[in-house]
Amino acid sequence: MTARKRSSGARARGRRPRRVVPARSALAPTGVVGRPGLRVDALAKVDGSARYIDDLRFPDLLYAAVRTSDLPHAEVLRIDVTDAQQVPGVVAVATFRDVPGQNQVGCVRPDQPLLVETRARWVGDRIALIAATDPATAKAAARVVKVDAVPLPGVFDVEQALATGAPAVHTGGNLIEEFCIERGDAELALRQADVVVEHRYLAPWQEHAYLEPQGVIAVPERGSMTIYGSMQCPFYVQSAVARLLGLPLSRVRVVQTVTGGAFGGKEDYPSEPACCAALLAHKSGRPVKFVYNREQDIQWSTKRHRMVIQHRLAARRDGTLLGAEIEILVDAGAYCGLTGIVAERANTSSVGPYLVPNVRVRTRTIYTNNPFGGAFRGFGAPQVTLAHEGQLDALAERLGRDPLDLRRQNALRPYAVAAWGEKLAPPVEYLETLAAAERLSGWSALRRQVEAHNRAGGRTRLGLGVGCCMYGSCLHAGGQHLEGSGALLQVHRDGSVSAAIGLTEMGQGAATVVARVAAEVLGVAVDQVEVLPTDTALVPDSGPTVASRTTPMAGHAVANAARQLRAQLLPAATGLLRCRANQVELSGGWARGPGRKKVAFADVAAAAFQAKAHLAASGWYAPPRKQFDRATGLGQPYSAYAYATQIALCEVDLATGVARVKKFFCAHDVGRAIFPDGVCGQIEGGAVQGMGYALTERLVVRDGRILNANFTDYLIPTIEDAPEVAIALIESGDEGGDKGRGTASQAKGPFGAKGIGEPSLIPAPAAVANAVSHALGARLTELPLLPDVIMAEIARRNLDNVPFVESAAT
Amino acid sequence: MFVQSVVRARSEVEAAWLVYEGKPATRLIAGGTDLMLQLRRGQRQALALIDLRRSGMDHILENEHAICIGATATVAALAQHPGIRAHFPALHTAAATLASQQIRNLATIGGNICNASPAADLVTPLLAYDAVLRVRRGDDVREVPVDRFFTGPGQHVLTQQDLLVEVVVSKPLPSEGERSRFLKLGFRGAQVIAVVNAAVSLRLRRGLVAETHIALGAVAPTAVRAISAERLLRGEKLTPEAIAAAAEAAVDDISPIDDVRSTAGYRRRVVRNFVRLALEEIAAQVAAETAHGSQRSRSRA
Ligand SMILES: Cc1cc2nc3c(=O)[nH]c(=O)nc-3n(C[C@H](O)[C@H](O)[C@H](O)COP(=O)(O)OP(=O)(O)OC[C@H]3O[C@@H](n4cnc5c(N)ncnc54)[C@H](O)[C@@H]3O)c2cc1C
């Protein structure tokens, strides 16, 4: 096991990670894996040549606009589009009556019509679609659609939604689903414990705020439809459009365009604009573009789910955890979407990386007339992590214990049984992340410094907070039917390589990882590998690009294809080098034989082509089946786990209540960093996005409508808000497996890599909330910790009645 | 309503006459960093725009008595001006921390004033320094003190035919010993509209407060002066007690509201703390200068 350190951020830019070369093993990479380098798409994005959806033009292109419901909950009696149709420049108008297939875009449950028939359930519900020759005309026409609607009472709070007599968002009531974990006897444990810590946590909505808003273009052609767009999951879009238009999947092709960020917000959601554009393209017979502006994007697209978490944690006086009882309410919004799957992960993750023998968790998903909950980096885990990490810090405080020490005492170790009853196969790197974060932050000295600062009084107070997580890598057992993942590799006769995958590059660096894995296995340079845009016509359905699964899944699929190609190239190489197959080594663009003999990879490719070798390969990877019982929440929910510890040093200004993160320390178990710069970029980005969630990002929602659907008032962090982020990477560097001790095997990615996209964010909000709570000496359990919230605590205890400036008092 | 035409004024005179003869639904545009957003959101309408950026009104002229700032001088230019930095530190700080570099390069002082946002960052310092605004109608120029310029959120005394041409801030005499501070509260590190801003100027004579202006933004329909706090301070020594009393009094001079950014109660608390903080900083500066001065005279002796 090796660790790398790297520190970066506004104040420490340009420092490179300290590299410790991993121990050689059978699987240790020899080429580009683990080396510094550029992203393969960096130049195109910097010089402006990358073409995003809004850069694309088609002949006869039309522009779409939508008429949405003015009311958060209403009975729609009549929709009259005659005036809209008469606006000059309008080419097509569509309502639910025009849908040739099913008027349905529900991703998991069929509860969401694309277009309102008789009932509007939130302000984003679509009533009519317009296609016109320019965007302004389309918008003007949308405004003159006449809608007769009777307002219905709405419900905007999960607790109220469950009360008897609450307005029902759907027939059948507002409770959608329940998940649970039942292990041991939590009730008894709570009764017999020396201490019970109980808090109610509120994790609010969060907007993805990707740089590029949602956008698609639908191009109709002889009974088929092609969709271009900014998205994470082309196969979801393909199914949605096929269902809406009543077409076989073979007639719907989806091509992902360069995607300017997604963070989960382009998982299920792009099916909606894609279906709108497709329906209008179908009706008009012309290509239709539908690109959101920022306000529309924030108002209509999905958000991180708002969750209310009641958490009771029982322990012995010596700090040993005995039991946990956790109630989670998840606000789905008006439709289910991915809520059930998010809730399933929240449910499983709610206890954290701790040994807790008695567990009772209940997670309920609930309809309201609020904004629509969906996938967002962490997928339900950041919310429950806020709670379990808040509880650990609260318990440490109660028992007068060091927070890191208390975590160490209760940490899951190899062969320990996790909350969901799984005996964990080694390696379990949680303790290593705790130790690395402790070293990185200079924990004990830093704590003493913080205490000294606070004793001295003055305008600011400092606080230190810890956040830890155990992230189930890739899809939950509940979604394992979607886990198979494909790749297509081709070696051209000049030795260059084309790679296509079924998952997507959305800014996270997938293309670079894919190019590196292909280059590593084939022994070529990274820039010899061209990664193609993801296209449903090229690669079989590979499931969604989510759950930090791209590096493990697409990585394996690419490695699998590359190994096949290697075998197909070997006869040519042995011919040229006059040696046996097992004597050939492919690396760095050369095929090497015994005794310093070598030929260029390009010559091998040319010879193989001459010999009529099949120089394309289709790779496929599916992790082993997992056993999981939904009724009890017990079993093996994930293929592998990634651990993380993050520590925040925060400062609170007593004059204003403004909290900011001064320093941030991250220790992550990544298995293997295939692209270390990319890994560090993900960690910095995830951490800062988590800080935004903790401190400044507040959606102001009234009667289901977002009042600050803009970047003036919805405040995401700027570079001025990004502190120094120090990083330690823990690389155990093998693909894992059963060591014959009765544990399920860990299925990691190629070269032992684990996903990092989400673990980078998950503990950050908790670490920040804990640090601010530490600074104030009061447990803050609701995010975001905006200055007015903090100030209320300051004012309550009159903490601001100190001299702000030293010498003024004298 | 969409903008159909844009006319670019090539001089102050041309701008003044274009405005004077302007058709209805004509608006002025300088940096456009307020107006473009408002047009896009439908908060303001215009059929025609008069573009002021090439009208040559972007001068910053300094003489013995005053600094005259042209209405289209950019916020970036203000932030870089050594005279403003030396004589009007609150205005300098407000300009240097407004939005972000990209916005500062476009945004103008005239736009900041004429947009008449109660949260505008340059306005509180201008109030603290008693700035005078020069307004032109055709060939007539009149002067309006900044504290009589604003009439409500987004509203001011200019008519459709008026053009703001220049902002004049008079320099204090060195003997007046003026000190000033600007404080801004936004909820993140940059690119943020103030939830509260404050500018305080203060003159001491023989250890007593001779004059002080305390201007507060985003806590009333327009930026306001904390008149009762100022009154309490005049003639007093800058003791912690006097400072605390003034800070409490300032809370009664404002009328904040709840909005998407924050709450009235929170703004009151911050105003109290900001007034105290600014005055404590000034007191500390005075104390440091006095200590430094007496040290110097001692070493000279
Ligand atoms: C991202 C962003 C961040 C911002 N941050 C801040 C901030 O931190 N602090 C702050 O105070 N503001 C901020 N603003 C608002 C804005 O940048 C400032 O108010 C700026 O000074 C406006 O100047 P402008 O030249 O762009 O005005 P414009 O938008 O061109 O004009 C504003 C208004 O003034 C009128 N006008 C302009 N010049 C004249 C004139 N000479 N005579 C008469 N009327 C005139 C226009 O007709 C218009 O109604 C921000 C804006 C953005 C977009």
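Residues numbered from 1 in each chain as written. Chains lettered and ligands numbered in written order. Predicted model: local features only at pLDDT ≥ 70, side-chain atom pairs only at ≥ 80, totals over all residues. Heavy atoms only, no water.

Residues and elements named next belong to chain B. Around the ligand, the structure places 30 residues, and the nearest of them are Leu28, Gly31, Thr33, Asp34 and Thr108. Within the backbone of Leu35, a nitrogen or oxygen atom sits 2.7 Å from an oxygen atom of the ligand. Protein chains shield 91% of the accessible area of the ligand, which is 980 Å² for the free molecule. Contributions of two or more residues to the shell around the ligand are made by β2 (26-29), α7 (109-114) and β10 (163-170). For the shell around the ligand, the element with the most residues is α7, which contributes four residues. Within the shell around the ligand, the residues separate by chemical class into 17 nonpolar, nine polar and four charged. When residues are assigned to domains, the shell around the ligand turns out to be shared by domain 1 (5-170) and domain 2 (176-297), each giving three or more. (Near = heavy atom within 4 Å. Polar contact = N/O pair within 3.5 Å; in protein donor to acceptor, adjacent residues only side chain to side chain. Areas by Shrake-Rupley, 256 points an atom, 1.4 Å probe, with all protein chains shown as cover. Helix = DSSP H or I, 4+ residues; strand = E, 2+ residues; numbered from the N terminus. Nonpolar A, V, L, I, M, F, W, Y, C, P; charged D, E, K, R; others polar. Domains from an automatic or database assignment.)

Below, the discussion takes up the domain arrangement of chain A. All names here are of chain A. According to the domain assignment, chain A contains domain 1 (29-50 + 484-621), domain 2 (58-152 + 216-300) and domain 3 (306-476 + 628-796). Summarising the inter-unit geometry, the C-alpha centres of domain 1 and domain 3 are found 36 Å apart. A buried area of about 1,800 Å², summed over both sides, lies between domain 1 and domain 3, and 71% of it is on carbon and sulfur atoms. A per-residue breakdown of the area domain 1 buries against domain 3 is headed by Ala547, Ser548 and His556, which together make up 26% of the total. There are zero salt bridges connecting domain 1 and domain 3. Counting across the interface, domain 1 meets domain 3 through nine residue pairs in polar contact (both at pLDDT 80 or more). Per element, the largest residue contribution to the side of domain 1 that touches domain 3 is six residues, and it comes from helix α14 (residues 510-522). Grouping the constituent residues of the side of domain 1 that touches domain 3 by class yields 14 nonpolar, eight polar and five charged. (Buried area = accessible area lost by both parts, 1.4 Å probe. Salt bridge = Lys/Arg side-chain N within 4 Å of Asp/Glu carboxyl O.)

This paragraph deals with the pattern of salt bridges. Scanning the entire structure with this criterion turns up 66 salt bridges over all chains. Between Arg269 of chain B and Asp800 of chain A there is a salt bridge, with its nearest N and O atoms 2.7 Å apart. Here Arg269 of chain B, found in helix α11 (residues 264-300), pairs with Asp800 of chain A, found in the segment after α19 (787-796), and the two come from separate chains. With respect to class, Arg269 of chain B is no different from Asp800 of chain A; both count as buried. A salt bridge links Arg142 of chain B to Asp162 of chain B; the shortest N-O distance between them is 3.2 Å. (Buried < 20%, exposed > 50% of the residue type's maximum accessible area, 1.4 Å probe, protein only.)

This next bit is on the interface of chain A and chain B. Taken together, the 37 residues of chain A in the interface contact 29 residues of chain B. Buried area between chain A and chain B, both sides added, is near 2,600 Å², and the carbon and sulfur share of it is 57%. Here chain A and chain B share four salt bridges between them. Across the salt bridge formed by Arg261 of chain B and Asp713 of chain A, the nearest N and O atoms sit 2.5 Å from each other. Where chain A touches chain B, the interface holds 18 residue pairs in polar contact (both at pLDDT 80 or more). (Contact = heavy atoms within 4.5 Å.)

As a further point, take the sheet that holds strand β3 (residues 48-51) of chain B. Residue and element names in this part refer to chain B. With parallel pairing, three strands are arranged side by side in an open sheet as β1-β3-β2. Looking at which strands have only one partner, the edges of the open sheet turn out to be β1 (5-8) and β2. With direction set aside, neighbouring strand axes in the sheet form an average angle of 25°. Here β1 runs beside β3; their pairing, made up of four bridges, is parallel. Within β3, the position partnered with Val7 by the bridge is Ile50. (Pairing = 2+ DSSP bridges. Axes fitted to C-alpha atoms, helices over the stretch in contact; angles between N-to-C directions.)

Next up on the list: the domain arrangement of chain B. Residue and element names in this part refer to chain B. Its domain assignment divides chain B into domain 1 (5-170) and domain 2 (176-297). Just the C-alpha atoms count here: the centres of domain 1 and domain 2 sit 25 Å apart. Every contact between the two is made by 25 residues of domain 1 and, on the other side, 24 residues of domain 2. Between domain 1 and domain 2 the total buried area reaches about 1,700 Å² when both faces are included, carbon and sulfur atoms providing 59% of it.

This part takes up the sheet that holds strand β15 (residues 306-315) of chain A. All names here are of chain A. The strand order across the open sheet formed by five strands is β8-β17-β16-β15-β9, and the pairing between neighbours is mixed. Of all strands in the sheet, those bounded by a partner on one side alone are β8 (175-183) and β9 (195-203). Across the sheet, the axes of successive neighbouring strands diverge by a mean angle of 5°, strand direction being ignored. With nine bridges joining them, β9 and β15 adopt antiparallel strand pairing. Bridging across to β15, Ala203 finds its partner in Met307.

All names here are of chain A. Of all five residues that make up strand β4 (residues 90-94), four are buried, and the element is covered over most of its length. Taken together, the four bridges between β4 and strand β6 (residues 126-132) define a ladder with antiparallel strand orientation. Within the sheet, the bridge partner assigned to Val93 lies in β6 and is Ile130.

On to the environment of Gly189 of chain B. Secondary-structure assignment places Gly189 of chain B in the loop between β11 (178-185) and β12 (196-205). When sequence neighbours within four positions are dropped, the list of residues in contact with Gly189 of chain B reads Glu720 and Asp721 of chain A.

All names here are of chain A. Enumeration over the complete set of coordinates arrives at 14 aromatic pairs over all chains. Joined through ring pairs, the aromatic side chains of Tyr269, Phe290, Tyr292 and Trp300 make up one cluster. Sitting above the plane of the Tyr210 ring, Lys266 keeps its charged end 4.4 Å from the centroid. When the ring centre of Tyr693 is taken as origin, the NZ or CZ atom of Arg304, which lies over that ring, is 5.1 Å away. (Phe/Tyr/Trp six-rings, centres within 6.5 Å; stacked < 30°, edge-to-face > 60°. Lys NZ or Arg CZ within 6 Å of the ring centre and 35° of its normal.)

All names here are of chain A. Using the criterion set out here, one finds zero disulfides over all chains in the structure. Cys474 forms no disulfide, and the closest cysteine sulfur to it belongs to Cys233, at a distance of 14 Å. For the unlinked cysteine Cys680, the closest cysteine sulfur is that of Cys666, found at 9.5 Å. (Disulfide = S-S within 2.5 Å.)

Let us look at the environment of Ala15 of chain B. Tracing the chain through its elements places Ala15 of chain B in helix α1 (residues 12-20). In this structure, the C-alpha to C-alpha distance between Ala15 of chain B and Leu28 of chain B, residues 13 residues apart in sequence, is 9.3 Å.

Core analysis: the biggest nonpolar cluster contains 150 residues, and Phe664, Val768 and Val772 of chain A together with Leu216 of chain B have the highest contact counts within it. With 12 residues, α11 of chain B is the largest single contributor of residues to this core. If we ignore the near neighbours within four places in the chain, the residues touching Val772 of chain A are Cys650, Val652, Ala659, Leu695, Leu780, Leu785 and Ile790 of chain A. Grouped together as the second largest cluster of nonpolar side chains are 55 residues, Ala131, Leu244, Val254 and Leu279 of chain A included. (Core = buried A, V, L, I, M, F, W, Y, C linked by side-chain atoms within 4.5 Å.)

Bringing the side chain of Asp268 of chain A into the picture now. Residue and element names in this part refer to chain A. Inspection of the secondary structure puts Asp268 in the loop between β12 (252-256) and α7 (271-284). Arg243 is the oppositely charged side chain nearest to the buried, salt-bridge-free Asp268, at an N-O distance of 10 Å. When residues no more than four places from it in sequence are discounted, the contact partners of Asp268 are Cys107, Tyr236, Thr302, Leu338 and Ala375. (Lys, Arg positive; Asp, Glu negative; His and termini not counted.)

Before going further, it helps to spend a moment on the packing of helix α15 (residues 550-577) of chain A against helix α16 (residues 601-610) of chain A. Residues and elements named next belong to chain A. Orientation of α15 relative to α16, taken along the N-to-C sense of each, is 110°, at an axis distance of 8 Å. Relative to α16, the element α15 is oriented roughly perpendicular. When the axes of α15 and α16 are compared, the crossing they make is right-handed. Across the interface between the two elements, Leu569, Ala572, Ala573 and Leu576 from α15 touch Phe601, Asp603, Val604, Ala605, Ala607 and Ala608 from α16. A per-class count over the contact of α15 with α16 returns nine nonpolar, no polar and one charged. (Parallel < 35°, antiparallel > 145°, perpendicular 65-115°, else oblique. Left-handed = near helix turned anticlockwise from the far one by under 90°.)

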